[in-house]
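Spelled out from the first residue to the last, the chains are:
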Amino acid sequence: MRVMVFVKATPESEAGKLDGPEMEKMFEEMGKYNEELVNAGIMLAGDGLKPTSEAKRVHFSGDKRTVIDGPFTETKEIVAGFWLWEVKSMEEAVEWVKRCPNPMLTDSDIDIRPIYGPEDFEHLMTPDQQEQEERLRQQLETQQRG
């Protein structure tokens, strides 16, 4: 099962504070943790995200699109980083997150969300749509391998 693991933002991460000995130690610990994830075959992707002061949000209303410049105010709802993992179960993902060093210098939260697979939508898709979905997935895999 694939899961997306979200590191939630804090006021400090939104301020873009990336210096000091505490941050250096946290980056060292996180590097070791990421190495464990890769060596275990769990981690498919992962990165930190810049503060929302550098972000854009596109709001959809019918056929209209409105672009909103960051920063965005609700820090508790903002994602500061992510991992994409392949795990056997949600329980395994929870155990890996519990081993994670605190990704922030203050109290923080990490959310784990299962990712939909094509099988979750088979009942909604025509055979042609299912074939298209499979073709696109294969094309993505080929592109990612380089």
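No experiment lies behind these values; they were computed from the predicted model shown.

Caption draft 1: Layout of the overall build of the protein chain. When helices and strands are counted, the protein chain shows four helices and six strands. Counting from the amino terminus, the protein chain carries its helices and strands in the arrangement β-α-α-β-β-β-β-α-β-α. Viewed in the frame of its principal axes, the protein chain has a C-alpha envelope of about 55 × 45 × 30 Å. Classification of the 146 residues of the protein chain by burial places 24% in the buried group. The contacts of the protein chain with a sequence gap of at least 6 include a subset with a gap of at least 24, amounting to 75%. Roughly 10700 Å² of accessible area belongs to the protein chain as shown, and the carbon and sulfur atoms make up 51% of that amount. The protein chain carries 18 positive and 30 negative side-chain charges, and their two centres are separated by 3 Å.

Caption draft 2: Spatial organisation of the packing of aromatic side chains. In the structure shown here, the tally under the stated rule is four aromatic pairs. Arranged with centres 5.6 Å apart and planes meeting at 40°, the rings of Trp-83 and Trp-85 form a pair that is tilted. Comparing Trp-83 with Trp-85, the two get one shared label, buried. The positively charged end of Arg-57 is found above the aromatic ring belonging to Phe-72, 3.8 Å away from the centroid. Stacked on the ring of Trp-96, the Lys or Arg Arg-99 has its end atom at 4.2 Å from the ring centre.

Caption draft 3: Spatial organisation of the packing of helix H2 (residues 21-39) against helix H3 (residues 90-99). Where H2 contacts H3, the two axes come as close as 11 Å, and the packing angle between them is 155°. In terms of orientation, H2 and H3 fall into the roughly antiparallel class. When you trace H2 past H3, the crossing you get is right-handed. Residue-level inspection shows Tyr-33, Glu-36 and Leu-37 of H2 in contact with H3, the latter providing Trp-96, Val-97 and Arg-99.

Caption draft 4: Region of interest: a nonpolar patch on the surface. On the surface, Val-58, Phe-60 and Val-67 cluster together into a nonpolar patch covering about 300 Å² of accessible area. Among the residues examined, Val-58 registers a relative accessible area of 44% and is labelled partly exposed.

Caption draft 5: Region of the structure containing the sheet that holds strand E2 (residues 43-48). Here four strands make up an open sheet; going across it, the order is E2-E5-E1-E6 and the pairing antiparallel. Strand pairing shows two members of the sheet lacking a second neighbour, E2 and strand E6 (110-114), which therefore form its edges. Within this sheet the neighbouring strands show an average axis-to-axis angle of 15°, counted without direction. Where strand E1 (residues 2-8) meets strand E5 (residues 79-86), seven bridges bridge the pair, whose relative direction is antiparallel. What sits directly across from Lys-8, in E5, is Val-79. Contacts between H2 and the sheet are confined to E2 and E5, with E5 contributing the most and set at about 25° to the helix. Along the sheet, H3 contacts E1, E5 and E6; its crossing angle with E6, the most-contacted strand, is approximately 160°.

Cut-offs and rules
- Residues numbered from 1 in each chain as written.
- Predicted model: local features only at pLDDT ≥ 70, side-chain atom pairs only at ≥ 80, totals over all residues.
- Heavy atoms only, no water.
- Helix = DSSP H or I, 4+ residues; strand = E, 2+ residues; numbered from the N terminus.
- Buried < 20%, exposed > 50% of the residue type's maximum accessible area, 1.4 Å probe, protein only.
- Contact = heavy atoms within 4.5 Å.
- Areas by Shrake-Rupley, 256 points an atom, 1.4 Å probe, with all protein chains shown as cover.
- Lys, Arg positive; Asp, Glu negative; His and termini not counted.
- Charge placed at Lys NZ, Arg CZ, Asp CG, Glu CD.
- Phe/Tyr/Trp six-rings, centres within 6.5 Å; stacked < 30°, edge-to-face > 60°.
- Lys NZ or Arg CZ within 6 Å of the ring centre and 35° of its normal.
- Axes fitted to C-alpha atoms, helices over the stretch in contact; angles between N-to-C directions.
- Parallel < 35°, antiparallel > 145°, perpendicular 65-115°, else oblique.
- Left-handed = near helix turned anticlockwise from the far one by under 90°.
- Patch = residues over 30% accessible without salt bridge, like charges linked within 9 Å, V, L, I, M, F, W, Y side chains within 5 Å.
- Salt bridge = Lys/Arg side-chain N within 4 Å of Asp/Glu carboxyl O.
- Pairing = 2+ DSSP bridges.

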